[in-house]
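# Chain and residue survey
Listed below, chain by chain, are the residues.
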Amino acid sequence: MKLTEILADAAGPLISCEFFPPKTDKGEANLWQCLQELATIRPDYVSVTYGAGGSSQDRTKRIVIRIRHETELTPVAHLTCVGATREDLAALLEEYREAGIANILALRGDPPEGTDRFKMVKGGFAYASDLVRFIREQHGNFSIAVATYPEGHPESPGGVEDDIRFLKLKQDNGACVAITQYFFDNEAFYRFRDRAVAAGVNIPIVPGIVPITNYTQIVSFSAKCGAIIPDWLHTRMQPLVDDAEATKAAGIDIAAEQCADLLAHGAPGLHFITLNKSEATIAVCRRLGIAKESI
């Protein structure tokens, strides 16, 4: 099913879940267990990332195609500009088309590990907006999702204003939905959304949510991706870092509070960054009454 159809048919808030491609067979077995558990709440779609710096393309492709063929879940394949020419991307898109994959999340992508700046390869793309246009013009059978950054991309010199401008360009080039980087300050999301709408963005902007199960890990991730850790969150979570169960329980509480507020303020859905774990996402959806088990 295409994202455009899912968005058009949605009777309530969208639920989507994001996974990363594991590097080992054991990790992949864990991923499939996680997928099976999350399937019980019937997410509208699931996405699979490329891994840091585009390091896991082949495993991503294999997992996405397997989800399409062996489950009832709707997969979305992440596709980045990292290390890829137009010909490389065209070949991969053709593989996805032949496998029945209908949805792409088009990203510029993070620099490969060991480098601090993205570098376009000869014959490739420098920006996600160019990739979106390429997919639409050359491979128009896909629905295209994009990323956006309500607190500003760490490499954007113009901060949030740059991200709004780029989001509008991605929309104009063919994107049908935007998924945000995770955040913990809902007010930042509301300000970003309102400014984006004022700038002409009319595609759904779905907030990215990460239920905290390991606070030290989230602090490290946030430093790399530019997500802000508010003082109130640090005060609440730091005393629990040596207590895994207390951290997980508090993380579920915080995510549920955040998601309830987002839905009350008109968010069209929730995109859960699962880190290949199911328990917290399932708990949040059930607490909010948006798990679709009974449908």
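Keep in mind it's a predicted model, so treat the numbers as computed, not measured.

### Overview of the environment of Lys 292
Examined against the element boundaries, Lys 292 turns out to sit in the segment after helix H11 (279-288). Of the residues examined, Lys 292 reaches a relative accessible area of 15% and is grouped as buried. With residues up to four places along the chain from it excluded, the contact list for Lys 292 reads Pro 13, Ile 15, Ile 41, Arg 42 and Asp 44. Among the polar contacts made by the side chain of Lys 292, one reaches the side chain of Asp 44 at a distance of 2.5 Å.

### Quick look at the side chain of Ser 129
Secondary-structure assignment places Ser 129 in helix H5 (residues 128-138). The residues contacting Ser 129, other than those within four sequence positions of it, are Leu 169, Lys 170 and Asn 173.

### Let's talk about H5
All buried positions along H5 are accounted for by Ala 128, Ser 129, Leu 131, Val 132, Phe 134 and Ile 135. Against the buried residues of H5 lie strand E3 (75-80), helix H4 (86-98), strand E4 (103-107), strand E5 (143-148) and helix H6 (160-173).

### Some thoughts on the pattern of salt bridges
Side chains carrying opposite charge are able to pair once their charged atoms draw close together. Within the structure shown, the criterion is met by 17 salt bridges. Between Arg 136 and Glu 137 there is a salt bridge whose closest N-O contact spans 3.3 Å. Judged by relative accessible area, Glu 137 falls into the partly exposed class, the value being 48%. Asp 162 serves as the salt-bridge partner of Arg 165, at 2.9 Å between the closest nitrogen and oxygen. Placement of both Arg 165 and Asp 162 in helix H6 is noted, with a separation of 3 residues, approximately one turn of the helix. Through salt bridges with shared partners, a single network forms among Glu 28, Arg 59 and Arg 62.

### Section: the packing of aromatic side chains
Aromatic ring pairs are reported here in terms of the distance separating the ring centres and the angle at which the planes meet. Counting across every chain of the model gives 4 aromatic pairs. Residues Tyr 182 and Phe 184 carry aromatic rings whose centres are separated by 5.7 Å and whose planes lie at 65° to one another, so their mutual orientation is edge-to-face. The burial state of Tyr 182 is the same as that of Phe 184; both residues are buried. Relative to Tyr 190, the ring of Phe 189 lies with its centre 5.9 Å away and its plane at 65°, an arrangement referred to as edge-to-face. In this pair, the class of Phe 189 matches that of Tyr 190, namely buried. Members of the aromatic cluster, each reached through a chain of ring pairs, are Phe 183, Phe 189 and Tyr 190. Here the basic side chain of Arg 66 rests over the ring of Trp 32, its NZ or CZ set 3.9 Å away from the ring centre.

### Some points on the state of the cysteines
Considering all chains together, one arrives at 0 disulfides under this definition. Cys 285 provides the cysteine sulfur closest to Cys 17, a residue in no disulfide bond, and the two sulfurs are 6.5 Å apart. Cys 17 gets classed as buried once you look at its relative accessible area, which sits at 0%. Counting only cysteine sulfurs, Cys 17 is the nearest neighbor of Cys 34, a cysteine outside any disulfide, at a range of 7.8 Å. Here Cys 34 falls in the buried class, since its relative accessible area comes to 3%.

### Observations concerning helix H2 (residues 25-38)
With 14 residues, H2 ought to run about 20 Å at 1.5 Å a step, and its terminal C-alpha atoms sit 20 Å apart, in line with that. Among all positions of H2, only Gly 27, Glu 28, Leu 31, Trp 32, Cys 34, Leu 35 and Leu 38 are buried. Considered in projection along H2, the buried side chains sweep an arc of 160° and stay on one side of the axis. Projecting away from the buried face of H2 at angles above 90 degrees are the exposed residues Asp 25, Lys 26 and Gln 36. The inward-facing, buried residues of H2 contact strand E1 (14-19), helix H3 (57-70) and H11.

Calculation criteria
- Residues numbered from 1 in each chain as written.
- Predicted model: local features only at pLDDT ≥ 70, side-chain atom pairs only at ≥ 80, totals over all residues.
- Heavy atoms only, no water.
- Helix = DSSP H or I, 4+ residues; strand = E, 2+ residues; numbered from the N terminus.
- Buried < 20%, exposed > 50% of the residue type's maximum accessible area, 1.4 Å probe, protein only.
- Contact = heavy atoms within 4.5 Å.
- Polar contact = N/O pair within 3.5 Å; in protein donor to acceptor, adjacent residues only side chain to side chain.
- Salt bridge = Lys/Arg side-chain N within 4 Å of Asp/Glu carboxyl O.
- Phe/Tyr/Trp six-rings, centres within 6.5 Å; stacked < 30°, edge-to-face > 60°.
- Lys NZ or Arg CZ within 6 Å of the ring centre and 35° of its normal.
- Disulfide = S-S within 2.5 Å.
- Expected span 1.5 Å × (residues − 1).
- Arc of directions from axis to C-beta.

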